[in-house]
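Here is what each chain is made of, one letter per residue.
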Amino acid sequence: MFSKVYIEITNICNMSCSFCHGHKRPPRRMTREEFSLILNKLQGHTKYIYYHLMGEPLTHPCLTEFIKMAGECGYKSIITTNGTLLDKRGESLIESGIHKINVSLHSFESGSDEDYERYVCNITDFAKKASDKGIIVVIRLWNKGFDEGRNARSLELIRNNIDGEWKENTRGIRIREKLFLEWGERFEWPDREAEFYGEKVSCYGMRDQFGILCDGTVVPCCLDSDGVINLGNVFYEDLTAILNSKRATDIKKGFECRHATEDLCKRCGYAQRFSK
């Protein structure tokens, strides 16, 4: 069983962040029928669903309905969001039964200082309410070296807005029960034209996770933004057969012995952190 599966319910985003690779696919939102089909086919493969590869999940009008559907099928739902829509959809998200919310605070790169402070305050207000309800909330600053001084201001705003123990750990800071702040390095996305790092690569793709794009394409990890490594389509094929295909099993076996079988994996900056 996989520890998580990424379902891209939409590839549409309301922002255009410099760190995001983006994609070249037509804009699309997954339908209720398609999402329900995936929930049925995922039975026995995972218990944890993440609602993105590309796209901002809060732009999907059916997000909270999807989370409730997943909960009824026994799945735990996790989303990663840029946080810009939490002031509008936060209350319904809290009531949806969601398990965990990651907020990429580094997404908001433009706008005035006043707009940014309002953005951070909206997120901290939401984080307090959600964590009080027992939902895990992680505020992310995955932009070391690219923050242009805003991380210090972000930290100051968060500290001023949230009382807690503020205890450091290996990943960042435990602010209080169910509420965390994480630091991270900015990374280079895999791309056919990206730097070639070599075949000595270890990764969690097809070992710990796989992804499903909004058109049903199955990919080995959450960073294959254009479906370059197309393993099959869950809308039309048996998922177990896709996961047991020669291409999929070759990827898994290759990573187990630190060897990349796909050219895209050999050009993935994120995978390098697992390969040293």
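Above this text you will find the structure in question.
Chemist: It is not clear to me how the packing of helix 3 (residues 86-94) against helix 4 (residues 113-132) should be interpreted in this structure. Could you clarify?
Modeler: A pair of packed helices is captured by two measures, namely the crossing angle of their axes and the spacing between those axes. Put simply, helix 3 and helix 4 touch, their axes get as near as 10 Å, and they point 5 degrees apart. When the axis of helix 3 is compared with that of helix 4, the two are roughly parallel. Counted together, Leu86, Asp87, Gly90, Glu91, Leu93 and Ile94 of helix 3 and Asn122, Ile123, Phe126, Lys129 and Ala130 of helix 4 form the full contact between these two elements. A breakdown of the residues in the contact of helix 3 with helix 4 according to their chemical character gives six nonpolar, two polar and three charged.

Chemist: It is not clear to me how the packing of aromatic side chains should be interpreted in this structure. Could you clarify?
Modeler: Centre distance and the angle of the planes are the two values used to describe a pair of aromatic rings. Tallied over the full model, the rule gives six aromatic pairs. Look at phenylalanine 35 and tyrosine 51: their rings are 5.9 Å apart centre to centre, the planes differ by 35 degrees, and that puts the pair in the tilted class. Of the two residues, phenylalanine 35 is situated in helix 1 (residues 32-41) and tyrosine 51 in the loop between strand 2 (48-50) and helix 2 (63-72); the sequence distance between them amounts to 16 residues. You'll find phenylalanine 35 and tyrosine 51 in the same group, each marked buried. Summarising the aromatic geometry, the rings of phenylalanine 35 and phenylalanine 66 are spaced 4.3 Å apart at their centres and angled 10 degrees between planes, so their arrangement reads as stacked. In this pair, phenylalanine 35 sits in helix 1 while phenylalanine 66 sits in helix 2, placing the two residues 31 residues apart along the sequence. With respect to class, phenylalanine 35 is no different from phenylalanine 66; both count as buried. Grouping aromatic residues by their ring pairs yields a cluster made of Phe35, Tyr51 and Phe66.

Chemist: Would you take a moment to explain the pairing of strand 4 (residues 100-104) for this structure?
Modeler: The side chains of a regular strand alternate between the sheet's two faces. Of all five residues in strand 4, four are buried; the element is thus mostly enclosed. Of the pairings in the sheet, the one linking strand 3 (residues 76-81) to strand 4 comprises four bridges and is parallel in character. Within strand 4, the position partnered with isoleucine 78 by the bridge is lysine 100. With respect to chirality, the unit in which strand 3 leads through helix 3 into the neighbouring parallel strand 4 is right-handed.

Chemist: Can you walk me through the pattern of salt bridges in this structure?
Modeler: For the structure shown, the criterion picks out 19 salt bridges. Three or more residues are tied together by salt bridges with common partners; here these are Glu114, Asp115 and Arg118.

Chemist: What am I meant to see in the packing of helix 4 against helix 5 (residues 150-161) here?
Modeler: Here helix 4 crosses helix 5 at 45 degrees, and the two axes come no closer than 10 Å. Relative to helix 5, the element helix 4 is oriented oblique. The two elements helix 4 and helix 5 cross, and the hand of that crossing is right-handed. Where helix 4 abuts helix 5, its residues Asp113, Tyr116, Glu117, Val120, Cys121, Thr124 and Lys128 lie against Arg150, Arg153, Ser154, Leu157, Ile158 and Asn161.

Chemist: Explain the pairing of strand 8 (residues 179-185) to me, please; I cannot follow it from the model alone.
Modeler: As paired strands, strand 7 (residues 172-176) and strand 8 are joined by four bridges and run antiparallel to one another. Across the sheet, glycine 172 pairs through a bridge with glutamate 182, a residue of strand 8. The antiparallel pairing of strand 7 with strand 8 creates a hairpin that spans two residues between the two strands, and lysine 178 there sits at a positive phi of about 75 degrees.

Chemist: I tried to follow the nonpolar core on my own but got confused; where do I start?
Modeler: What tends to happen in soluble globular proteins is that the nonpolar side chains get buried as a cluster. Within the largest apolar cluster, 68 residues are counted, with the highest numbers of intra-cluster contacts made by Tyr51, Leu93 and Phe210. Of the residues forming this core, the biggest block, seven residues, is contributed by helix 4. Every residue in contact with tyrosine 51, bar those within four places of it in the chain, is listed here: Ile7, Ile9, Phe35, Pro57, Leu63, Phe66, Ile67, Ala70, Ser77, Ile78 and Ile79. With 12 residues, the next largest nonpolar core counts Tyr50, Leu53, Ile78 and Val219 among its residues.

Chemist: How should the side chain of glutamate 8 be read in this particular structure?
Modeler: Tracing the chain through its elements places glutamate 8 in the loop between strand 1 (4-7) and helix 1. Looking at glutamate 8, its side chain comes within polar contact range of the main-chain nitrogen of cysteine 214, at 2.9 Å. Those residues in contact with glutamate 8 that lie beyond four places of it in its chain are Arg25, Met30, His52, Leu53, Met54, Ile212, Leu213 and Cys214.

Chemist: Could you clarify how one ought to interpret the side chain of serine 154 in this entry?
Modeler: Mapped onto the elements of the fold, serine 154 is located in helix 5. If we skip the residues at most four places from it in the chain, serine 154 touches Leu105, Tyr116 and Leu141.

Chemist: Just to check I follow, could you spell out unusual backbone geometry for this structure?
Modeler: Of note, tryptophan 166 is a non-glycine position whose phi angle comes to about 50 degrees, a positive value. Inspection of the secondary structure puts tryptophan 166 in the loop between helix 5 and strand 6 (167-168). The class for tryptophan 166 is buried, based on a relative accessible area of 13%.

Chemist: Mind showing me how you'd approach helix 4 here?
Modeler: Each full turn of the α-helix corresponds to 3.6 residues, which orients residues three or four apart in the same direction. Relative to the 28 Å expected for 20 residues at 1.5 Å per residue, helix 4 spans 29 Å between its end C-alpha atoms, a close match to the ideal helical length. For helix 4, the full list of buried residues reads Tyr116, Tyr119, Val120, Ile123, Thr124, Phe126, Ala127, Ala130 and Ser131. Along the long axis of helix 4, the arc covered by the buried residues comes to 165 degrees, so they all point the same way. Within helix 4, the exposed residues directed more than 90 degrees away from the buried face are Glu114 and Asp132. Backbone geometry just after helix 4 places glycine 134 at a positive phi near 90 degrees.

About the criteria used
- Residues numbered from 1 in each chain as written.
- Predicted model: local features only at pLDDT ≥ 70, side-chain atom pairs only at ≥ 80, totals over all residues.
- Heavy atoms only, no water.
- Axes fitted to C-alpha atoms, helices over the stretch in contact; angles between N-to-C directions.
- Helix = DSSP H or I, 4+ residues; strand = E, 2+ residues; numbered from the N terminus.
- Parallel < 35°, antiparallel > 145°, perpendicular 65-115°, else oblique.
- Contact = heavy atoms within 4.5 Å.
- Nonpolar A, V, L, I, M, F, W, Y, C, P; charged D, E, K, R; others polar.
- Phe/Tyr/Trp six-rings, centres within 6.5 Å; stacked < 30°, edge-to-face > 60°.
- Buried < 20%, exposed > 50% of the residue type's maximum accessible area, 1.4 Å probe, protein only.
- Pairing = 2+ DSSP bridges.
- Right-handed = clockwise from strand over helix to strand, strands pointing away.
- Salt bridge = Lys/Arg side-chain N within 4 Å of Asp/Glu carboxyl O.
- Left-handed = near helix turned anticlockwise from the far one by under 90°.
- Core = buried A, V, L, I, M, F, W, Y, C linked by side-chain atoms within 4.5 Å.
- Polar contact = N/O pair within 3.5 Å; in protein donor to acceptor, adjacent residues only side chain to side chain.
- Expected span 1.5 Å × (residues − 1).
- Arc of directions from axis to C-beta.

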